[in-house]
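Below are the chains, spelled out letter by letter.
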Amino acid sequence: MAGFMIPIFEKGCILTEDMLEKAKNYAVDYVKLSYDGYSNGILSGCKVTMSGDLLYVNQGILMFENHLYFVSDTLSTKVQPGNQWQVLCFQVSNMSRTQNYLIGDIQLTITTDLQDNPNRIEICRFRLQNGALLRNQYRDFNDLSTEFDTINEIYAQWSGYEKNTISNRVIREFAKEAMRKGVQNTQDLPFIQQILLLDHKSMNRDAIQFYLSSRLNRPYRQMTQIEIYDAFKEVLRNLNQTNTERSGVDTRMGRKIIVD
């Protein structure tokens, strides 16, 4: 049908099976239509912290095979130091069905396999040394790719329309550093405003790639996660150079030539 038909649950109304079915369908259809066409990945939240030898993933929302998965409670898993890269991810189990429920289960796991896996969603990766703790506070944008003892979200799998996109944390850190440096470019201002309006949600990958291609005067193309991150770094280097040139003093100004 077009429009809507919402059951009225009030005193005096007779509760029918059809009313319950309509209520269920209304909620399910709203979710499906809101995120129709979104890829598998994180939609919002899922911030990572560490305490002792435990990694914690806070509340968030995932999309997997056109179903929303809600992380309504903080999840945790034990982490072991090691010289190799480790990937923290959501492992998605096959759906099961009981008489009353359709159940989609996710588990928090750590693996050393860096290859893409259709049944998991990467949250972050890290290389943790003995006696160290993972940190998720960064000195600057370059620090996001520090190899040891740092939560690296550059390769995190975030859900976007039709294709995966880069972590909200990465683009927010870019926006924060750009604002610290001072933003004047007419391409930077609307892009950074758009990032700030996202809160903790994802940004369309095509929008990111279009901005970076235009900003760096390059042909538009599909980019990998690390290429997007490196392009953001280049934009920030350009901001540094532009600001230096703008604030520099021309020492030749005001000089006098005396002819004897």
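Further up the page is the structure itself.
The following refers to the structure shown. (Residues numbered from 1 in each chain as written. Predicted model: local features only at pLDDT ≥ 70, side-chain atom pairs only at ≥ 80, totals over all residues. Heavy atoms only, no water.)

1. Quick look at the pattern of salt bridges
Then, in step 1: All told, the structure shown has 15 salt bridges when counted by the stated rule.
Then, in step 2: Among the salt bridges present, the one from Glu173 reaches Lys176, with a minimum N-O distance of 3.3 Å. On the criterion of helical spacing, the pair formed by Glu173 and Lys176 is a turn pair, its members being three residues apart in helix H2 (residues 168-181).
Then, in step 3: What makes Glu173 buried here is its relative accessible area of 8%.
Then, in step 4: The class of Lys176 is partly exposed, set by a relative accessible area of 38%.
Then, in step 5: One salt bridge connects Glu227 with Arg221, and the closest N-O pair in it is separated by 3.2 Å.
Then, in step 6: Residue Arg221 is classed as partly exposed on the basis of its relative accessible area, which comes to 42%.
Then, in step 7: If you follow the salt bridges from partner to partner, you end up with Glu153, Arg169, Glu173 and Lys176 in one network. (Salt bridge = Lys/Arg side-chain N within 4 Å of Asp/Glu carboxyl O. Helix = DSSP H or I, 4+ residues; strand = E, 2+ residues; numbered from the N terminus. Buried < 20%, exposed > 50% of the residue type's maximum accessible area, 1.4 Å probe, protein only.)

2. Some points on helix H4 (residues 205-215)
Then, in step 1: Of the positions making up H4, those classed as buried are Arg205, Ile208, Gln209, Tyr211, Leu212, Ser213 and Arg215.
Then, in step 2: Positive backbone phi, at 55°, marks Asn217, one or two positions downstream of H4.

3. Structural notes on the pairing of strand S7 (residues 86-92)
Walk down a regular strand and you will see the side chains alternate between the two sheet faces.
Then, in step 1: Buried residues dominate S7, accounting for six of its seven residues.
Then, in step 2: One ladder, built from six bridges, connects S7 with strand S11 (residues 120-126); its direction is antiparallel. What sits directly across from Gln86, in S11, is Phe126.
Then, in step 3: Where S7 and strand S10 (residues 106-111) come together, six bridges link them in antiparallel fashion. Bridge pairing in S10 places Gln91 opposite Gln107. (Pairing = 2+ DSSP bridges.)

4. A word on the sheet that holds strand S3 (residues 54-57)
Then, in step 1: Reading across from one edge, S2-S3-S6 is the order of the three strands in this open sheet, with antiparallel pairing throughout. Since the sheet does not close on itself, it has two edges, and those belong to strand S2 (48-51) and strand S6 (75-78), each with one partner. The average undirected angle you get between the axes of adjacent strands in this sheet is 25°. (Axes fitted to C-alpha atoms, helices over the stretch in contact; angles between N-to-C directions.)

5. Digging into H2
Then, in step 1: End to end, H2 covers 20 Å across 14 residues, agreeing with the expected 20 Å (1.5 Å per residue, within 8%).
Then, in step 2: At the N-terminal end of H2, a side-chain oxygen is found 3.0 Å from the backbone nitrogen of Arg169, two or three residues along, and the residue is Ser167.
Then, in step 3: Where H2 ends, the next residue or the one after it, Gly182, has phi of about 100°, a positive value. (Expected span 1.5 Å × (residues − 1). Polar contact = N/O pair within 3.5 Å; in protein donor to acceptor, adjacent residues only side chain to side chain.)

6. Points about the nonpolar core
Then, in step 1: If you look at the biggest cluster of nonpolar residues, it comprises 53 residues, and the most contacted ones within it are Leu62, Leu88, Phe90, Phe174, Ile208, Leu212 and Phe232.
Then, in step 2: The element contributing the most residues to this core is helix H5 (residues 225-247), with seven residues.
Then, in step 3: Excluding residues that lie within four positions of it along the chain, Phe232 makes contacts with Phe141, Ile171, Phe174, Phe191, Ile208, Tyr211 and Leu212. (Core = buried A, V, L, I, M, F, W, Y, C linked by side-chain atoms within 4.5 Å. Contact = heavy atoms within 4.5 Å.)

7. Examining the packing of H2 against helix H3 (residues 188-197)
Pairs of packed helices are described in terms of their axes, by the angle between the two and the distance that separates them.
Then, in step 1: It is at 10 Å that the axes of H2 and H3 come closest, and there the two elements cross at 130°. Here H2 lies oblique to H3, going by the angle between them. Handedness of the crossing formed by H2 with H3: left-handed. Along its contact with H2, which presents Ile171, Arg172, Phe174, Ala175, Ala178 and Met179, the element H3 presents Phe191, Ile192, Ile195 and Leu196.
Then, in step 2: When its residues are assigned to classes, the contact of H2 with H3 shows nine nonpolar, no polar and one charged. (Parallel < 35°, antiparallel > 145°, perpendicular 65-115°, else oblique. Left-handed = near helix turned anticlockwise from the far one by under 90°. Nonpolar A, V, L, I, M, F, W, Y, C, P; charged D, E, K, R; others polar.)

8. Looking at unusual backbone geometry
Then, in step 1: Positive phi, normally seen in glycine, also occurs at Glu65, with a value near 50°.
Then, in step 2: Checked against the element boundaries, Glu65 lands in the loop between strand S4 (60-64) and strand S5 (67-71).
Then, in step 3: When its relative accessible area of 48% is taken as the criterion, Glu65 is described as partly exposed.
Then, in step 4: Of note in this structure, Glu162 is not a glycine but carries a positive phi near 70°.
Then, in step 5: Within the secondary structure, Glu162 is located in the loop between S11 and H2.

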